Amino acid sequence: MKSQFLVLHASKEALDHKMEAPSRIGDRSTSDVVVRLRTLEGRDEWIYCHSNILVEKSKYFADRLSESWPTCQILDSRNCVEVYCQESDFDHHVNVLRLLYVVIDGSVDDLWNGVKNALGILQVSIELGCPQIVTACVNYLEAVPWEESEEEEILRIIPGKGSEVEPILARLRPVNPSAIRGIFISTLQFATSSPPSLMNDLKTSAQEQLEYMVTEDDDSPLLIACDDIKSEVKDCVRRLFSRFNNLLEAFLCEPIESVDEAGKMKSFHSYLADLSWACQLLTKLEIMREFVNSWVDASGKIVKVMQSSATVETIETKLKVVEVAAKILESIGYGTVILPTAKRLHMVKIWLPFVRVAKPLIDSVMTNDEESLAFKIDGELWQSLESTFVSIILALPSTDQAEILTEWLGNEHVNYPDLTEAFEVWCYRSKVAKRRLALLGGGHCMTSTQ
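Note that the structure is predicted; figures quoted are calculated from it, not measured.

Definitions and limits used
- Note that residues are indexed from 1 along each chain, following the sequence as it is written.
- Residues qualify for local features only when their pLDDT is at least 70, as the model is predicted, and side-chain atom pairs are given and counted only at 80 or more; totals for whole chains, interfaces and linings, by contrast, use all residues.
- Calculation of side-chain values draws on the structure's entire complement of heavy atoms; hydrogens and water are dropped beforehand.
- Secondary structure elements follow DSSP: runs of H or I of four or more residues count as helices, runs of E of two or more count as strands, with numbering from the N terminus.
- Summary of the burial criterion: residues with accessible area below 20% of their type's maximum are buried, those above 50% are exposed, and those between are partly exposed, where the area comes from a 1.4 Å probe applied to protein chains only.
- Note on contacts: a residue pair is in contact if any heavy atoms of the two residues lie within 4.5 Å.
- Areas reported as accessible are Shrake-Rupley estimates using a 1.4 Å probe. Residue values count occlusion only from the protein chains shown.
- We call a set of buried residues a nonpolar core when its members are Ala, Val, Leu, Ile, Met, Phe, Trp, Tyr or Cys and they connect through side-chain atoms within 4.5 Å of each other.
- When DSSP finds two or more bridges between a pair of strands, those strands are recorded as paired.
- The arc under discussion is defined with respect to the helix axis, by the directions toward the C-beta atoms.
- Counted as positive: Lys and Arg. Counted as negative: Asp and Glu. His and the chain ends are not counted at all.
- Salt bridges, as used here, are contacts in which a Lys or Arg side-chain nitrogen is within 4 Å of a carboxyl oxygen on Asp or Glu.
- In protein, a polar contact means a hydrogen-donor-capable atom and an acceptor-capable atom, both N or O and within 3.5 Å, with residues adjacent in sequence counting only if both atoms are side-chain atoms; elsewhere, any N or O pair within 3.5 Å suffices.
- Pairing of aromatic rings covers Phe, Tyr and Trp, the last counted by its six-membered ring, and requires centre-to-centre distances within 6.5 Å; plane angles under 30 degrees mean stacked, over 60 mean edge-to-face, and any other angle means tilted.
- Only lysine NZ and arginine CZ atoms are considered, and such an atom sits over a ring when it is within 6 Å of the ring centre and within 35 degrees of the ring normal.

1. Here we look at the overall build of the protein chain
Thought 1: Counting its regular elements, the protein chain contains 19 helices and 4 strands.
Thought 2: A buried classification covers 39% of the 450 residues belonging to the protein chain.
Thought 3: The contacts in the protein chain between residues at least 6 apart in sequence include a share of 69% that link residues at least 24 apart.
Thought 4: Split by element, the accessible area of the protein chain, about 25600 Å² in all, is 53% carbon and sulfur.

2. Section: the nonpolar core
Thought 1: Trp-295 and Trp-351 are the most contacted members of the largest nonpolar core, which has 80 residues in total.
Thought 2: Counting 42 residues, the second-largest nonpolar core is a separate cluster that includes Ala-118, Leu-119, Ala-136 and Ile-158.

3. What about the pairing of strand β2 (residues 44-49)?
In the case of a regular strand, side chains alternate between the two sheet surfaces.
Thought 1: The pairing of strand β1 (residues 33-38) with β2 spans 6 bridges and is classified as antiparallel. Note on β2: the bridge partner recorded for Arg-38 is Asp-44.
Thought 2: From the end of β1 to the start of β2, which pair antiparallel, there are 5 residues, and Gly-42 there has a positive phi angle of about 105 degrees.

4. Side note on helix α7 (residues 148-157)
Thought 1: Turning to α7, its buried residues number three or more, namely Glu-150, Ile-154 and Ile-157. Across the axial projection of α7, the buried residues extend over an arc of 75 degrees, all falling on one side. Projecting away from the buried face of α7 at angles above 90 degrees are the exposed residues Glu-148, Ser-149 and Arg-156.
Thought 2: Here the buried face of α7 lies against α5 (115-127).

5. Let's talk about the side chain of Glu-150
Thought 1: Secondary-structure assignment places Glu-150 in helix α7.
Thought 2: No salt bridge is formed by the buried Glu-150; its nearest oppositely charged neighbour, Arg-171, is found at 8.0 Å.
Thought 3: In contact with Glu-150, not counting residues within four places along its chain, are Val-115 and Pro-145.

6. Thoughts on the pattern of salt bridges
Thought 1: Summed over the entire model, instances satisfying the criterion amount to 18 salt bridges.
Thought 2: Taking the shortest distance from any N to any O, the salt bridge between Glu-82 and Arg-36 comes out at 3.1 Å. Remark: Arg-36 occurs in strand β1 and Glu-82 occurs in strand β4 (residues 78-84); sequence separation between them is 46 residues.
Thought 3: Using a relative accessible area of 18% as the deciding quantity, one classes Arg-36 as buried.

7. Points about the environment of Lys-349
Thought 1: Following the sequence through the fold, Lys-349 ends up in helix α15 (residues 341-368).
Thought 2: For Lys-349 and Gly-300, which are 49 residues apart along the polypeptide, the C-alpha to C-alpha distance reads 10.0 Å.
Thought 3: A polar contact of 3.1 Å, which involves the side chain of Lys-349, links it to the side chain of Glu-403.

8. What to know about the environment of Gln-280
Thought 1: As for its position among the elements, Gln-280 is in helix α12 (residues 262-285).
Thought 2: The sequence separation of Gln-280 and Val-324 amounts to 44 residues, and the corresponding C-alpha distance is 9.8 Å.
Thought 3: Within the local environment of Gln-280, its side chain forms a polar contact with the side chain of Lys-327, the two groups lying 2.8 Å apart.

9. Structural notes on the packing of aromatic side chains
Thought 1: In this structure the tally under the stated criterion is 12 aromatic pairs.
Thought 2: The interplanar angle of 75 degrees and the centroid separation of 5.6 Å between the aromatic rings of Phe-241 and Phe-244 together place this pair among those described as edge-to-face. Taken together, the positions of Phe-241 and Phe-244, both in helix α10 (residues 227-252) and 3 residues apart, correspond to about one turn of that helix. Comparing Phe-241 with Phe-244 shows no difference in burial state: the two are buried.
Thought 3: Members of the aromatic cluster, each reached through a chain of ring pairs, are Phe-241, Phe-244, Phe-251, Phe-268, Tyr-271, Phe-291, Trp-295, Trp-351 and Phe-354.
Thought 4: Between the NZ or CZ atom of Arg-43 and the centre of the ring of Phe-90, over which it lies, the distance is 3.8 Å.
Thought 5: Directly above the aromatic system of Tyr-416 lies the positively charged group of Lys-359, at a separation of 5.3 Å from the ring centroid.

On their own, these measurements won't tell you what the molecule is for.
As structure tokens, this is what we get:
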């Protein structure tokens, strides 16, 4: 009797243990449902599951296994739920079924096997109505870094999936205008400052991003420059140019040899790089006038400093001077900034001689050291500069044109800039001037020739 009791007691404990043991996916001995995953390509897999798990954690399976569902298939003596899916989503469906058996409480983070896999699981869990898995997927995707391709995939998939997945897109949401304005001004102040040389890469990046923010490409500019923004830009560039001008004055007060000192020339070159960038930003914002006038006033000093030496470092800096001057001259030559005749003539007389001497020096260094990273130059720079000079010269009074062309024809550097076009136009205009003006009447003729 005692032994019979012990056997019955042991059997009861085993049964209780079996009932308390957690259900496991694929456990055929305890399964009461078969989930039949099928694809149009013919793939067919039976997954042994448990109705209590499916009903509790998936609205889709709760509906399919409810009494209100019109038909219920039987497979292997069990209720069967068929689920059709794309071949590309097959593994994600299997993973979702497995995750239904996992306690998802945030204590385990390595359930997802990367962003791409998590996105697949998220889509399936939304379709099958699995809120716990959806929440866990969202928390994972919202927190981890994305590759560019993953970001594009997220933008393709997530929009329209419901409010519960919206947190994933938080990092991609448009920023309010006040925040954009704040970061623009902070970046501008840093980009026009003079930090230690160790921070040059950071400053260059800041300058590039400022340009990007105001550039209209496939998208609208991130920042529409209002009067306040333009005023802030002009103030920052004005302070930058003031520091550059102070350095010019210091150079002119020192012996010629001291200008060649590496540290001083490096600082001068850095300012020129900043001014070259400032030209591009000011051009995009259409506020070049003040900068152009400042450069016109400083041109004589800049040329004087540059003419004092011909070391390799100075030649590199001369190239940067030419780049900035080309941008200034272009804004004058094509009417972006309107200057009086005297200033336009001054710019031609200052920069034409400088450029014609600088080009052979720069070309010789590039020819002798083609691999030098220091001497990378836009191949169109010289051609563009030549066209700009022609444009400026042809807008000057004919007498001033004659003076410039006379000097050019007698100069040893007649090959560059090639002013042949300006010469031909001047010859034509001069030859037909009396006849053309006579057709307008004597009064106009006298006014024009005074």
